[in-house]
Amino acid sequence: MCEASPQAVNRLLAALPDAEYQRLVPHLERVPLPLKQVLHKAGESIEYVYFPHRAIVSLVSTPEEGSKVEVGLVGNEGIVGIPAVLGDNIATITAMVQREDSGMRMEASLLKTEFGRGGVLQSLLLRYTQALYALTSQNAACNRLHHLEERLARWLLLVYDRVGSNQLQLTQEFISEMLAVRRTGVTEAANSLQQAGLIRYHRGRITILNRQELEAASCSCYGIIKGEYVRLLDTDNG
């Protein structure tokens, strides 16, 4: 496997054998991923794929004009723009940066060519796609079946796992949009978790104080999602 480097802090890239990684290097460009940058919009062609570092990208569905809900998220465990590699390059969802940092960008057509060579890259991307499908399908069930406090705990844990920090810059307005609930509901759920000593929330910053107890407060969906990522990608940073 390739050595960890500034260009390979994304775990998918870091998991590649050196020979395969080196074939990608000339085509990888390090780019900033500022807050709320849209990497691709639903209905538009996907020109580039992104391998985030410590950025978090929300995959957002917009079923009605003026409404949106997060159906998945991508961090340093994955790739944004996978449909362009596996098949058609027209996006069905919008990808928007929710935590700024940086990542590696590559033309989707070039990665698709490399994918067609087979090898570890192809296997990794297929297994990542399966893991992402598990996340999106479990999110759909969770949003329908579980209480908001449990859903908020699950969401914070998923973000934490991809950032690797207990300090999260997240406004209640943004969280309410991603969870498709009223802001007052997020306020009540965050206050409940704060009163239980699990988080501290102040001026757009959430600090996770007790990760183990936050996991206990989450619904079972978090464990299911995490288990699939560990099984398919052999990764566990929780």
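Further up the page is the structure itself.
Bear in mind the structure is a predicted one, so any value in this text is a computation, not a measurement. (Residues numbered from 1 in each chain as written. Predicted model: local features only at pLDDT ≥ 70, side-chain atom pairs only at ≥ 80, totals over all residues. Heavy atoms only, no water.)

Novice: Summarise the overall build of the protein chain; cite the residues concerned and give the values.
Specialist: Across its full length, the protein chain carries 10 helices and 10 strands. Its C-alpha atoms give the protein chain a radius of gyration of 17 Å, within 12% of the compact-globule value 18 Å for 238 residues. Each principal axis of the C-alpha distribution contributes one length, and for the protein chain these read about 50 × 40 × 30 Å. Here the protein chain, with 238 residues, has 47% of them falling under the buried criterion. Here the analysis covers contacts within the protein chain between residues at least 6 apart in sequence; of these, 72% occur between residues at least 24 apart. Roughly 11300 Å² of accessible area belongs to the protein chain as shown, and the carbon and sulfur atoms make up 48% of that amount. Each charge class in the protein chain can be summarised by its mean position, and for the 24 positive and 26 negative side chains these summaries are 3 Å apart. (Helix = DSSP H or I, 4+ residues; strand = E, 2+ residues; numbered from the N terminus. Rg over C-alpha atoms; globule rule 2.2 N^0.38 Å. Buried < 20%, exposed > 50% of the residue type's maximum accessible area, 1.4 Å probe, protein only. Contact = heavy atoms within 4.5 Å. Areas by Shrake-Rupley, 256 points an atom, 1.4 Å probe, with all protein chains shown as cover. Lys, Arg positive; Asp, Glu negative; His and termini not counted. Charge placed at Lys NZ, Arg CZ, Asp CG, Glu CD.)

Novice: Can you explain the nonpolar core? Please cite residues and give values.
Specialist: Within the largest apolar cluster, 71 residues are counted, with the highest numbers of intra-cluster contacts made by Ile79, Leu111, Leu125, Trp155, Leu156 and Leu214. Filtering out sequence-adjacent residues up to four positions away, Trp155 remains in contact with Glu70, Gln98, Leu170, Phe174, Ile175, Met178 and Leu179. (Core = buried A, V, L, I, M, F, W, Y, C linked by side-chain atoms within 4.5 Å.)

Novice: A description of helix α4 (residues 108-115) should follow, citing residues and the corresponding values.
Specialist: Along α4, the residues that are buried comprise Ala108, Leu111, Glu114 and Phe115. With its buried residues spanning 120 degrees around the axis, α4 presents them on a single face. Tucked inside the fold, the buried residues of α4 contact α2 (18-24), β3 (48-52), α3 (82-86), β7 (101-107) and α5 (119-145). (Arc of directions from axis to C-beta.)

Novice: Outline the pattern of salt bridges, listing residues and values.
Specialist: Across all of its chains, the model carries seven salt bridges by this definition. Of the charged contacts in the structure, one is a salt bridge between Glu215 and Arg211, with a shortest N-O distance of 2.8 Å. One end of the pair, Glu215, and the other, Arg211, are both in helix α9 (residues 211-217), four residues apart, so they sit about a helical turn from each other. The exposure class of Arg211 is buried, given its relative accessible area of 17%. In this structure, Glu228 and Arg231 form a salt bridge, with 2.9 Å as the shortest nitrogen-oxygen distance. Pair noted here: Glu228 and Arg231 are both in helix α10 (residues 220-233), with a separation of three residues, about one helical turn. (Salt bridge = Lys/Arg side-chain N within 4 Å of Asp/Glu carboxyl O.)

Novice: If you had to explain the packing of aromatic side chains to someone new, which residues and values would you point to?
Specialist: According to the stated counting rule, one finds zero aromatic pairs in the structure shown. Over the face of the ring belonging to Tyr48 we find Arg105, whose NZ or CZ atom lies 4.0 Å from the ring centre. In this structure, Arg162 packs its charged tip against the face of Tyr229, placed 5.0 Å from the ring centre. (Phe/Tyr/Trp six-rings, centres within 6.5 Å; stacked < 30°, edge-to-face > 60°. Lys NZ or Arg CZ within 6 Å of the ring centre and 35° of its normal.)

Novice: Give a description of the packing of α4 against α5 that names residues and reports values.
Specialist: Orientation of α4 relative to α5, taken along the N-to-C sense of each, is 110 degrees, at an axis distance of 8 Å. Comparing their axes, α5 and α4 come out roughly perpendicular. From α4, Leu111, Glu114 and Phe115 reach across to α5, where they touch Leu121, Gln122, Leu125 and Leu126. A class-by-class count of the residues in the contact of α4 with α5 yields five nonpolar, one polar and one charged. (Axes fitted to C-alpha atoms, helices over the stretch in contact; angles between N-to-C directions. Parallel < 35°, antiparallel > 145°, perpendicular 65-115°, else oblique. Nonpolar A, V, L, I, M, F, W, Y, C, P; charged D, E, K, R; others polar.)

Novice: Explain the packing of α5 against helix α6 (residues 148-163) residue by residue, including any values.
Specialist: Remark: α5 packs on α6, axes separated minimally by 11 Å, with the N-to-C direction vectors making an angle of 155 degrees. When the axis of α5 is compared with that of α6, the two are roughly antiparallel. Both α5 and α6 take part in a crossing whose hand is left-handed. Here Leu135, Asn139, Cys142 and Asn143 of α5 lie close against α6, whose contacting residues are Arg151, Arg154 and Arg162. (Left-handed = near helix turned anticlockwise from the far one by under 90°.)

Novice: So, the side chain of Asn76: which residues are in play, and what are the values?
Specialist: Residue position: Asn76 is located in the loop between β5 (69-74) and α3. The class of Asn76 is buried, set by a relative accessible area of 13%.

Novice: Summarise the pairing of β3; cite the residues concerned and give the values.
Specialist: Counting buried positions over the five residues of β3 gives four, a clear majority of the element. Both β3 and β7 contribute to a ladder of five bridges, which runs antiparallel. Bridging across to β7, Phe51 finds its partner in Met104. (Pairing = 2+ DSSP bridges.)

Novice: Summarise unusual backbone geometry; cite the residues concerned and give the values.
Specialist: Within the chain, Lys36 stands out as a residue other than glycine whose phi angle is a positive 70 degrees. Lys36 gets classed as exposed once you look at its relative accessible area, which sits at 53%.

Novice: Give me the sheet that holds strand β8 (residues 167-169): which residues, what numbers.
Specialist: The strand order β8-β10-β9 describes an open sheet built from three strands, whose pairing is antiparallel. A strand with exactly one partner marks an edge of an open sheet, and here the two such strands are β8 and β9 (199-202). Here the average twist between neighbouring strands, direction ignored, is 20 degrees. As paired elements, β8 and strand β10 (residues 205-208) share three bridges and run antiparallel to each other. The residue bridging Leu168 from the neighbouring strand is Ile206, located in β10.

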